[in-house]
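Report on the structure
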Amino acid sequence: MSFDEVAQRMLHGLAAVVGLVSRPAPSVAVVGTGWSGLYAIKYLREEGLNVVAFERERTSGGIWGLAEAQHVSASSSKTYLHASDYSFDSDDDFPTAAEVQEHLRGYAAHHGLAESIQYGTRVDHAAFDSAKRKWRLSVSTAAGSGSEALEVDKLVLTQGLCGTPMVPTDLAAQFAAAGVPHMHMADFRKDALPEWAQRGAKHACLVIGGGESATDIAASLADRSQSARVVLSLRTGRWFLPKMKPPLGAIPADLASRRTFTLMSSPPFQRLFDSYLRQHLGVGGHGFTPWAPSPRVSSWSCFLNKRSDAVVEHARRGRIIPAGAVSAVTRHPDGGANVHFEKLPAPVHIGGVVFATGFKRCPELASAAGLDNPSHSLHHTFPANDAEAYGTVAYIGAARPNLGSIPSLAEYSSAWVSRVFSGHVQLPSIDRARVAIRQQHDERLAAFPEDGAKLATLVHTARYADRILKQLGFRSVLSGLPPIDLLRIYGPVDGTRAWWTLLTAPWSARELDVLLRPGSSGRQTLEDIRSDNRIRKTRDPDVFLKRLLSSQLKPPQLQLSTPRAALHAANKATKWLVTVAQMGALLFYRPPAAPAVSSLVVIGTVLSAFLSKALKALFKQARPSGAALSDPGMPSSHALASSFAAAAWALHFRTVSCTLLLGLSATLVCALRVLTGYHTLGQVSVGATLGGTLAAVWMALGTSLMATVPPKGLPWIAAVAFIFVAISPAAQPTGRAGPTAQPSGVS
């Protein structure tokens, strides 16, 4: 190499360092152009990257092409479907699949995305070349004109659900052996019912699944089929949410602000909300025991079914039979099969089955490339099992919210991936990423005790958005609140107003436009959010938080029409009598010799209530047959807490009259629990004995401690703790036995 060549290379290197010669932009391949793929293309192009997208179909839209053929509507309301800088234009709160397709075509045209898409083209294979630090792709056309090799710097996989039906093979085999026809929801058409759904009332139709598609299909069969009976079988219980917010039904029920998301992350508020749903809608938000969720699953710790209105109404009228999982299938002599279900006393004669069990993901390309699944990737986006490929490949659209929409979270991850690929944002080291992946796995299982294992990318919307925003450099004072960076971006006054708007208005991906594009469209988007929020308040002026708290703080009405009703009314009233007595003692009884004794007793009572909850989960002994609640009954929470309080106060006063009065009060509470059928005598006896014993130990230890170190803040701690338990007690019922539609004419 000559001196001139060496000098020229040195000059070019120096120029590259100082930016005098620009390096070519990285090339990126995007696989799939559904909703997530279009977001990926748009954000990658904004970062100046060279993008080529491959779509095996002739049009974009992904799974929504199938949805359009089935004439279905979005399960999430329109607010969650807005792009950050392109609003969803529809007169309906829940747009149809045809409107979704029209929206996606408009979005692609608005941003000129079609020029980056190769339609009718499939990526057959992908492999990372660690020497070149490039991805080698094998691409073929649908016309079968052969394959082509291609090299790119980065790879984005946005395929999501492939449209390949997911059917439980063992259950399908049982129905096939019994001669029962079955189909997947992908083949179901509302306007062309299967032949077995038109046979009249001889056979019942069975729908298996717990998602929105299952409830839509069951309701459609109940509406259109000549058969009067449809069985909806949920393999695991589920919480249902009405489509429209009660009581007015004027706005979608799934609308939630960051303020609501933050409150719902608090376990006491979750219990309060669940109690409200049980009180007004019944167990599980629907009122049917066969569909009741597990006692350990709250409405916030599962994937919510947001299409309950029609199916619940049909179930109340007896046209839909609520059932648990299928337990046995036997051939029926008249054709079809006798199907036994959990939580249903008798088998049902079934003539045909619809499996509303979802679709498989598209793991083939990722698996062949040796990549971890999205569930084992950083924020379900960056796989970290291959150290060489880390940061060069990403999933978009894998995160699945329990309330919200997949596209809204896909836009957040698109913004993150594009900035990582352009070099404007740095990924954490691979070691830190692997630690974070293990933590997100554990957090998912803790947040979603049952669904977290089955839905491996299930997330809470605001929490996921916050984690992506953190990767983009934004910071919040508290998780769930809008980024405090708004004060820097918009100034102290406008920034504070923007922060309050994003806190109190229904959450949507338009938040990204406010944060990322303050100098262009961000301010107008803020005004659009405020305008939509004013319209929402006009449509439904009801303040849900006020309604929620007032419903829990209102003492029960006493219905004394019969002796049994009087017993139940007295049982309900004990909670409020104990609450008033304890709060009165806490506020007004402070003897000089032991000024904090009231606080000591109240805190001990609260702790005993939580202890009883833990013991119930440990012993798992059922309540008496026919009890109004479905959670375990050993020991009785009321018996334990009332006996604790009575014994503690008796040990403090040490007089015969007080001891007798307190003992009789506790005995009355225990007796009411047995007489009203909530507990057995044994469960109440164990609770009372345990409560008295714990009170003796607690008062001895507490009195000794306060004699040396008087805790000044103890009354405030006691008051707050007791109020929380009063409005959402640890012993709160975890299941109310709702009406169960009994099948008519079962075999």
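Residues numbered from 1 in each chain as written. Predicted model: local features only at pLDDT ≥ 70, side-chain atom pairs only at ≥ 80, totals over all residues. Heavy atoms only, no water.

Below, the discussion takes up the side chain of Thr457. Mapping Thr457 onto the fold places it in the loop between helix H13 (451-454) and strand S21 (458-459). Exposure remark for Thr457: the relative accessible area of 9% places this residue in the buried category. Within the structure, the side chain of Thr457 is placed 2.8 Å from the backbone oxygen of Ala398, a separation counted as a polar contact. (Helix = DSSP H or I, 4+ residues; strand = E, 2+ residues; numbered from the N terminus. Buried < 20%, exposed > 50% of the residue type's maximum accessible area, 1.4 Å probe, protein only. Polar contact = N/O pair within 3.5 Å; in protein donor to acceptor, adjacent residues only side chain to side chain.)

Judged by pairing direction, the sheet is parallel, and its five strands sit side by side in the order S3-S2-S1-S7-S19 without closing on themselves. Only two strands of the sheet have a single neighbouring strand rather than two, namely strand S3 (117-119) and strand S19 (393-395). Neighbour-to-neighbour, the strand axes of this sheet turn through a mean angle of 20 degrees, independent of strand direction. In terms of strand pairing, strand S1 (residues 27-31) meets strand S2 (residues 50-55) through five bridges, oriented parallel. (Pairing = 2+ DSSP bridges. Axes fitted to C-alpha atoms, helices over the stretch in contact; angles between N-to-C directions.)

Mapping Lys154 onto the fold places it in strand S7 (residues 154-157). Despite its burial, Lys154 remains without a salt bridge, the nearest opposite charge being carried by Asp153 at 6.9 Å. Residues contacting Lys154, with those up to four places away along its chain left out, are Ser27, Val28, Ala29, Trp135, Gly391, Thr392 and Phe421. (Lys, Arg positive; Asp, Glu negative; His and termini not counted. Salt bridge = Lys/Arg side-chain N within 4 Å of Asp/Glu carboxyl O. Contact = heavy atoms within 4.5 Å.)

Looking now at the packing of helix H16 (residues 492-504) against helix H18 (residues 522-539). At their nearest, the axes of H16 and H18 sit 10 Å apart, and the two run at 45 degrees to each other. One element, H16, and the other, H18, form an angle in the oblique class. Like other packed secondary-structure pairs, H16 and H18 cross with a definite hand, here left-handed. Residues Asp494, Arg497, Ala498, Thr501, Leu502 and Thr504 of H16 lie in contact with H18, whose contacting residues are Arg523, Leu526, Ile529, Arg530, Asn533 and Arg536. (Parallel < 35°, antiparallel > 145°, perpendicular 65-115°, else oblique. Left-handed = near helix turned anticlockwise from the far one by under 90°.)

This part takes up the environment of Ile350. Considering the arrangement of structural elements, one finds Ile350 in strand S15 (residues 348-355). Taking the C-alpha atoms as reference, Ile350 lies 4.8 Å from Ala204; in sequence the two are 146 residues apart. With residues up to four places along the chain from it excluded, the contact list for Ile350 reads Val180, His203, Ala204, Cys205, Leu206, Val231, Gly336, Ala337 and Val339.

For helix H9 (residues 308-316), every residue scored as buried is listed here: Ser308, Val311, Val312, His314 and Ala315. Projected onto a plane normal to the axis of H9, the buried residues spread over an arc of 160 degrees and lie on a single side. Tucked inside the fold, the buried residues of H9 contact helix H6 (212-224), strand S11 (230-233) and strand S12 (320-323). Just past H9, the residue Gly318 takes up positive phi, approximately 85 degrees. (Arc of directions from axis to C-beta.)

Our focus in this paragraph is the confidence of the model for the chain. Mean pLDDT over the chain works out to 81, with 80% of the residues at or above the 70 mark. Every residue in residues 556-561 scores below 50 in pLDDT, and together they form nine contacts with partners more than four places removed in sequence or on other chains. Confidence over residues 712-747 falls short of pLDDT 50; this stretch has 89 contacts with residues more than four positions distant or in other chains. (pLDDT = per-residue confidence, 0-100.)

Moving on to the nonpolar core. The biggest cluster of nonpolar side chains holds 83 residues, and the ones touching the most others in it are Leu44, Val156, Phe382, Trp416 and Phe421. Here the element with the most residues in this core is helix H11 (residues 406-422); it accounts for eight residues. Look past the residues within four positions of Leu44 in its chain and what remains in contact with it is Val28, Val30, Leu49, Val51, Val156, Ser418 and Phe421. Counting residues in each nonpolar core, the second largest holds 27 residues, with Cys205, Val207, Leu234 and Phe359 among its members. (Core = buried A, V, L, I, M, F, W, Y, C linked by side-chain atoms within 4.5 Å.)

A cis amide bond links Pro246 with the next residue in sequence, Pro247, at an omega value of 5 degrees. Tracing the sequence through the fold places Pro247 in the loop between S11 and helix H7 (258-264). In this structure, Pro635 follows Met634 across a cis peptide bond, with omega equal to -5 degrees. Inspection of the secondary structure assignment puts Pro635 in the loop between helix H21 (597-619) and helix H22 (637-653). Non-glycine residue His379 carries a positive phi angle of around 50 degrees. With respect to the element layout, His379 can be found in the loop between strand S17 (377-378) and strand S18 (382-383). In this structure, Lys620 takes a positive phi of about 55 degrees despite not being glycine. Structurally, the position occupied by Lys620 is in the loop between H21 and H22.

Following the criterion strictly, the structure yields 11 aromatic pairs and no others. Counting every residue linked through ring pairs, the aromatic cluster contains Tyr39, Tyr86 and Tyr107. Cation over ring: Lys42 sits above Tyr43, and NZ or CZ is 4.3 Å from the ring centre. (Phe/Tyr/Trp six-rings, centres within 6.5 Å; stacked < 30°, edge-to-face > 60°. Lys NZ or Arg CZ within 6 Å of the ring centre and 35° of its normal.)

Okay, the environment of Val684 next. Here Val684 shows up in helix H24 (residues 681-708). Between the C-alpha atoms of Val684 and Val674, which are 10 residues apart in sequence, the distance is 7.4 Å. With residues up to four places along the chain from it excluded, the contact list for Val684 reads Ser636, Ala639, Cys670, Arg673, Val674 and His679.

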